[in-house]
Amino acid sequence: MDKSEDKQLGRRNFMKVAIAGIGGLIGAALGLPAIPYIMGPALQKESDDWIQLGSISKVELNIPTLFKKTIETQTGWINTEEEISAYVLTSNGQDYVVMSNVCTHLACRVRWIPEKDSFFCPCHNGVFAKDGTVVAGPPPRPLDRFESKVEDGVIFIKRG
Amino acid sequence: MNEQEKKKYLDEYKKEKEKGVPFFPDIIFKDTIAALLIFIILAALAYFVGAPLEARANPADTTYTPRPEWYFLFLFQALKYFPGKLEVIGAMVLPGLFILLLILLPFIDRSPKRHFLNRPFASISAFVVVAGILFLTIASVREAPPPQEAIVVDNAAALYAANCANCHGPGIDVPPGTDLHQIIAAGTHEGMPAWGGDLSTDEIDALAGFILSPKGSALFTQYCSVCHQQPVIASGNPVELQRVFDEGVNYPPHKDVQTANWNETVTEAEINGLLNFLAAPDGQRLFVINCSGCHGQGVGYNGTEEELTELIKKGGQHLDMPAWKGTLSEKDMDALSSYVVDPGQNPGGGTLFGQHCASCHGDKVPKAPDKQSALKIISSGGAHITMPVWGDILTAEQLDALVKYTFEASKGGGPAVGANLFAENCSDCHGKSGQGGPNPALSGDTIAPISSSEYLKTRNDATIRNIISFGQPDFGMSPFGAENGGPLDDDQLDAIVAFIRNWESNPPAEAPSASADVQVPTPTVAQPSLTGAQLFGIACASCHGSSGEGGVGPAFNIKEFQSGRDDQALFATISNGHTATPMVAWGDNLSFSQIELLVGFIRTLDPDYAASLIYSGRVSAIFEENCQACHNPQKIRGGWDSTSYQSSMTSGDNAPVIIPGNAADSLLAQSILGLGSQMPPIGSLSPSDIQVILDWIAAGAPEN
Amino acid sequence: MLVKIGDWLDERFSWREVWEAVFMRKVPHVNWFYTLGSATLFVAIMQGVTGILLTLYYVPTPDHAYDSVVYITTQLPFGWLIRGLHHWGASATVVLTVLHLLRVFYFGAYKYPREATWITGVILLLVVIGFGFTGYLLPWDQKSFWATTVGTQIAGLAPFVGDWILRIARGGRDISAVTLARFFGTHVWILPATLAALIGIHLYLVIRIGITAVPKKDE
């Protein structure tokens, strides 16, 4: 009697372990894929392709020139068009600096005022020098710069 | 069941329970095993079969055969046995009654018997119902099997059905090498409309692909249409397409997507069909997509068709570059390789480049991705592949079509015919290369260049065609189109437009003088440090002999060669190379002015060159062609009359215009070199003509 | 420590009592056919989990439904698994529910005292079919669109009220954005709530009355 009860007990213990094991297995088989499934879009790295901005031939020495480029990005299943605009500046025709035209204060668009030789943000009167440094107004830091390269007379930028 | 029976059942059940097992873990254990089994089956189905997804719902599609989900099929099938007004019985009454019966079952069957053998009526009825449902389901599947092909919408097939099938029936047998895209777009057939207006280029490509490879279209629908919209990737780049199949799941754009490993799942024949659909074996279209990037609108080719096939198949090889290892020091090679990676950062290499490389590469610094690879190429030299090995990329059908088209096109038509027509009809006013000049019909007016990229970019073919056809009466241009009383028929107009358009990809060898960034060539002064003779020694002598006597390449010092082609043809050949021969496209390595120097030098190799330096030789011809329009006894601009030797030597407001033996001080020499007032005003003479005049004056300007 | 937490919780929830009553109760010896019921419950739960995961990305409008399903299936990591499990799980639920019903029928388990359990079971079967019918439209592909067209058309056959039912089911005369939205709402809100309530009653009855013993043949 005792013996068979022992055996019974061992069998039941095995079953408990098996239930926990199989239950855990199914849970994991469903739960683990769920994590990347949920995280997927968040982990997708932004495309770091070079974006062709345009020919540098229209950039004059020491005059920031505005380039606009519409790019298509895919978010989920929707393609959206987005316009990137940036000022390109060169002091020697060799080295080019590409600056975002988004004010570092509250993200209004700055524009180049040739007469004043500076960038002006109409929202809160932020003023940036030609090289993007803050001259006056509330902006906390200079205009953001894009990583850029020039190939065959065409300037490319990377979105930072 | 009466109370007694109920009590009896409960007592018996109590006893059974006492003999039984605890729910946990005994029963749950079994349940867990069952759950695991089911999970494995479902996961396997998800992995191996996947969840099906057909084409996007199209409410307008009337050809689709609707089918409900499988577990409704029996009902769907049952409806077939209840035609007409009876349908409502099959669809609503019977199922409704059946469900009611199920719900009321415990109240209908009240006998205490439980074992199924003790209740034969109930057991058999249930069996009959189940068997009936199974039978109906199977019957439904068998009667209307899921139509595999028709279910997925083949967009190209639909396009064909909508636009072509009315006249052409289910399919068109097209001889290989037909330029189908163009035919569809322009509708050149009898009674066939030009579809170019109604269909997008993508759609025409898809149609051409469908007509030439209907199987490929079906395969596309089957394999690719879930992700790719059909017409969009039709007429894709064959190099990319081939990569998709070669690299399978490793193909970068497919990396993050769940795709099959195409190499394993698709047969060779299927790949062939797919490729033929996506880049239809349509010669003209293949040429436009694959070749025109480098070759413009056509290639000049003189060999046989077989040789052309071989040539395209094998791709082109660059001429050998010497192995600089041994010739240059380690340090120099290091400096050079840094320079070619980024000239701006390593200006020190520039001098070295000038000394060793510029003679072949001109001022174009070859691009190298990193120093390592640059160093490797410089030290070992060797051939570079310049044209893809199309034999590995294109299917047999595509290759065939491309060869046919290229071969036919090289035999004239299009730009080539247009060039002759242009020379006959247009170049008098617009210049040989459309560079413009003073308007002969309207004094004081200047004709702007029509070969500049601004001009070409801002006008489409139709506009240019209209201008030619109708003329521009306000500017003194008469109508040239036959319908407007001009000399040119429609085909000729198209040929001229094609020739003009051709400048966009193949800018004219003689750059318009109006364009500011190209300097007027100055043949006597070697521009980038090397003279024409030196350049010839470096670039040409190895094949054409050091004095142009010929070798691998043709000889230049013979009459046939020199008289067989004008300067522009020479320039084009040097610049573009010859696809049929090892002749390199020097335009990749030499600058514009260097090639001009070469043309000028090659002209001096003419055996009759020295003999031709007499007025009655080439000089009078040059005068006649370029000067006499303005410098004749009637017009006599600047007081100079160029119609005879005597008048040429003596007349002129600042006579003499020509000082024998002294080219530098001769007004004529200065003018044609653009040193004083540029002559002729509509554009510079060709470099060889300039050379002839200069050499003639230097030789004492003999008459005979 | 665990014991302490268990004790603390037990003082407040009396969970041990519930545990004893639900899991430690004795049941008659039964065979493998008796796992069909719990298997049905298992796939139902799995449908719930995968279904919730699908709603994270699925958008029930005609212009996005198909694209979002393609996105789930081809772009998202393991999206094919989640959608595959949900798709095949739907069929499995129908199959298992019917098999479970047949087991109950052939073992006479619908009889006293389990009549109420049977009736909730039959209604659950209808709910499962409703899930299948509404879920089928959601991918918005040709098959689902046309199957739903035919399916709702059948409802329209009913005398007098048919057209009315048809319009309610479709939210108008044709299958449209409205149809998709209401099928989605039904599929993820109305039916799951009904299902949960009915399963609750069904399980309560099963636990309270106990599962049938395997019937013996009368001589």
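Residues numbered from 1 in each chain as written. Chains lettered and ligands numbered in written order. Predicted model: local features only at pLDDT ≥ 70, side-chain atom pairs only at ≥ 80, totals over all residues. Heavy atoms only, no water.

> Would you explain the overall build of chain A in this entry?
Counting its secondary structure elements, chain A contains one helix and 10 strands. Starting at the N terminus and walking to the C terminus, you meet the elements of chain A as α-β-β-β-β-β-β-β-β-β-β. In chain A, buried positions account for 34% of the 160 residues. Taking contacts inside chain A between residues at least 6 apart in sequence as the whole, the part at least 24 apart equals 44%. (Helix = DSSP H or I, 4+ residues; strand = E, 2+ residues; numbered from the N terminus. Buried < 20%, exposed > 50% of the residue type's maximum accessible area, 1.4 Å probe, protein only. Contact = heavy atoms within 4.5 Å.)

> Would you mind showing me how to read helix α18 (residues 330-341) of chain B here?
Count 3.6 residues to each turn of an α-helix, and residues three or four apart come out pointing the same way. The end-to-end C-alpha distance of α18(B), which contains 12 residues, comes to 17 Å, matching closely the 16 Å that a straight helix rising 1.5 Å per residue would cover. Every buried residue of α18(B) is listed here: B:M333, B:L336, B:S337, B:S338, B:Y339 and B:V340. (Expected span 1.5 Å × (residues − 1).)

> Can you help me understand the interface of chain C and chain B in this one?
Interface size, as often reported, equals the accessible area lost upon joining of the parts. Between chain C and chain B, the contact holds 83 residues from the first and 80 residues from the second. Buried area between chain C and chain B, both sides added, is near 7,700 Å², and the carbon and sulfur share of it is 69%. Joining chain C to chain B, the criterion identifies three salt bridges. The partner of C:K111 in a salt bridge is B:D109, with the nearest N and O atoms 3.0 Å apart. Put simply, chain C and chain B have 32 residue pairs in polar contact (both at pLDDT 80 or more) between them. Counting residues per element, the ones that place at least two in the side of chain C that touches chain B are α2 (15-23), β1 (26-27), α3 (35-55), α4 (65-74), α5 (79-106), α6 (115-137) and α7 (142-155) of chain C. No other element matches the 17 residues that α5(C) contributes to the side of chain C that touches chain B. Split by residue class, the side of chain C that touches chain B holds 54 nonpolar, 16 polar and 13 charged. Bridge count for strand β1 (residues 21-22) of chain B against β1(C) is two bridges, and the pairing is antiparallel. Each bridged residue has a counterpart across the sheet, and for B:P22 the counterpart in β1(C) is C:K26. (Buried area = accessible area lost by both parts, 1.4 Å probe. Salt bridge = Lys/Arg side-chain N within 4 Å of Asp/Glu carboxyl O. Polar contact = N/O pair within 3.5 Å; in protein donor to acceptor, adjacent residues only side chain to side chain. Nonpolar A, V, L, I, M, F, W, Y, C, P; charged D, E, K, R; others polar. Pairing = 2+ DSSP bridges.)

> Before we go on, may I ask you to explain the state of the cysteines in this structure?
Simply put, the disulfide is a covalent bond whose two ends are the sulfur atoms of two cysteines. Residues and elements named next belong to chain A. Evaluation of the coordinates by the stated rule reveals one disulfide over all chains. One disulfide bridge connects C108 with C123, the sulfur atoms lying 1.9 Å from each other. Here the disulfide of C108 and C123 is left-handed, its torsion about the S-S bond being about -100°. Placement of the pair is C108 in the loop between β4 (96-100) and β5 (111-113) and C123 in the loop between β6 (118-121) and β7 (126-128), with a sequence separation of 15 residues. Residue C108 is classed as buried on the basis of its relative accessible area, which comes to 17%. (Disulfide = S-S within 2.5 Å.)

> Please clarify how the sheet that holds strand β8 (residues 134-136) of chain A should be interpreted in this entry.
By way of backbone hydrogen bonds, the strands of a sheet pair with one another, either parallel or antiparallel. Residues and elements named next belong to chain A. One open sheet holds the four strands; their spatial order is β5-β6-β7-β8, and the pairing between them is antiparallel. Each edge of the sheet is formed by a strand with only one pairing partner; in this case those strands are β5 and β8. Here the strands of the sheet are splayed against their neighbours by 40° on average, with no regard to which way each runs. Alignment of β7 against β8, held across two bridges, turns out to be antiparallel. Note that in β8 the partner of V127 across the bridge is A136. (Axes fitted to C-alpha atoms, helices over the stretch in contact; angles between N-to-C directions.)

> Would you explain the interface of chain B and chain A in this entry?
Residue-level contacts link 14 residues of chain B with 16 residues of chain A. Here chain B packs against chain A, burying approximately 1,200 Å² in sum over the two surfaces, 82% of which is carbon and sulfur. On the chain B side of the contact with chain A, B:P25, B:F29 and B:F39 bury the most area, a combined 40% of that side's loss. Where chain B meets chain A, there are two salt bridges. Note that B:D26 is salt-bridged to A:R11, the shortest N-O span being 3.3 Å. The interface formed by chain B and chain A holds two residue pairs in polar contact (both at pLDDT 80 or more) in total.

> Please explain the nonpolar core as it appears in this structure.
Buried together is how nonpolar side chains tend to be arranged in soluble globular proteins. Core analysis: the biggest nonpolar cluster contains 42 residues, and B:I184, B:L207, B:I312 and B:L402 have the highest contact counts within it. Discounting residues that sit within four places of it in the chain, B:L402 has contacts with B:G283, B:L286, B:F287, B:C291, B:I312 and B:L394. Membership of the second largest hydrophobic core comes to 27 residues, among which are C:L54, C:Y58, C:I82 and C:W146. (Core = buried A, V, L, I, M, F, W, Y, C linked by side-chain atoms within 4.5 Å.)

> Could you clarify how one ought to interpret the pairing of β4(A) in this entry?
Residues and elements named next belong to chain A. Within β4, four of the five residues are buried, which leaves it mostly tucked inside the rest of the structure. Of the pairings in the sheet, the one linking strand β3 (residues 78-90) to β4 comprises five bridges and is antiparallel in character. From the neighbouring strand, V88 faces β4, where its bridge partner is V98. Between the end of β3 and the start of β4, which pair antiparallel, lie five residues, with G93 showing a positive phi angle near 75°. The pairing of β4 with strand β9 (residues 145-151) spans two bridges and is antiparallel. By the bridge assignment, V98 is partnered in β9 with F146.

> When you look at the sheet that holds strand β10 (residues 154-158) of chain A in this model, what are you seeing that I'm missing?
All names here are of chain A. The sheet built from six strands is open, its strands ordered β1-β10-β9-β4-β3-β2 with antiparallel pairing. The open sheet has two free edges, formed respectively by β1 (51-55) and β2 (65-75), since each of these has just one partner strand. This sheet shows a mean twist of 35° between the axes of neighbouring strands, independent of strand direction. Across four bridges, the pairing between β1 and β10 is antiparallel. Note that in β10 the partner of Q52 across the bridge is F156.

> Even after reading the chapter, I still don't get the packing of aromatic side chains, so can you show me in this structure?
For any two aromatic rings, the description comes down to two numbers: the centre-to-centre distance and the angle of the planes. Residues and elements named next belong to chain C. Counted according to the given criterion, the structure contains 35 aromatic pairs over all chains. Arranged with centres 5.5 Å apart and planes meeting at 85°, the rings of Y34 and F107 form a pair that is edge-to-face. Here Y34, found in the loop between β1 and α3, pairs with F107, found in the loop between α5 and α6; they are 73 residues apart in sequence, far enough to count as distant. Each member of the pair, Y34 together with F107, is buried. (Phe/Tyr/Trp six-rings, centres within 6.5 Å; stacked < 30°, edge-to-face > 60°.)

> Honestly, the pairing of β2(A) in this entry has me stumped. Any pointers?
In summary, the side chains of a regular strand alternate between the two faces of the sheet. All names here are of chain A. Note: β2 against β3, 11 bridges, orientation antiparallel. By the bridge assignment, Q74 is partnered in β3 with N79. Counting the residues between successive antiparallel strands, the hairpin from β2 to β3 contains two residues, one of them, G76, with a positive phi of roughly 60°.

> Quick question: what am I supposed to make of the side chain of C:T97 here?
Along the chain, C:T97 falls in helix α5. Setting aside chain neighbours within four positions, we find C:T97 in contact with C:T40, C:L125 and C:V128.

> Got a minute to help me understand the environment of C:I209 in this structure?
On the secondary structure map, C:I209 appears in helix α9 (residues 177-209). Classification of C:I209 by relative accessible area gives buried; the value is 16%. A C-alpha to C-alpha distance of 7.5 Å links C:I209 and C:P113, two positions 96 residues apart in sequence. Every residue in contact with C:I209, bar those within four places of it in the chain, is listed here: B:Y13, B:K17, C:P113, C:R114 and C:T117.

> So what exactly am I meant to see when it comes to the pattern of salt bridges here?
Side chains that differ in charge, positive against negative, can pair when their charged atoms come close. For the structure on display, the rule yields 17 salt bridges over all chains. Put simply, B:E3 and B:K6 hold a salt bridge, and the shortest N to O gap is 3.7 Å. Here B:K6 and B:E3 lie together in helix α1 (residues 3-19), a separation of three residues that amounts to about one turn. B:K6 sits in the partly exposed class, given a relative accessible area of 22%. Between C:D174 and C:R173 there is a salt bridge, with its nearest N and O atoms 3.2 Å apart. Take C:D174: its relative accessible area is 40%, and that puts it in the partly exposed class. A cluster of three or more residues bridged by salt bridges with shared partners is formed by A:R11, A:R12 and B:D26.

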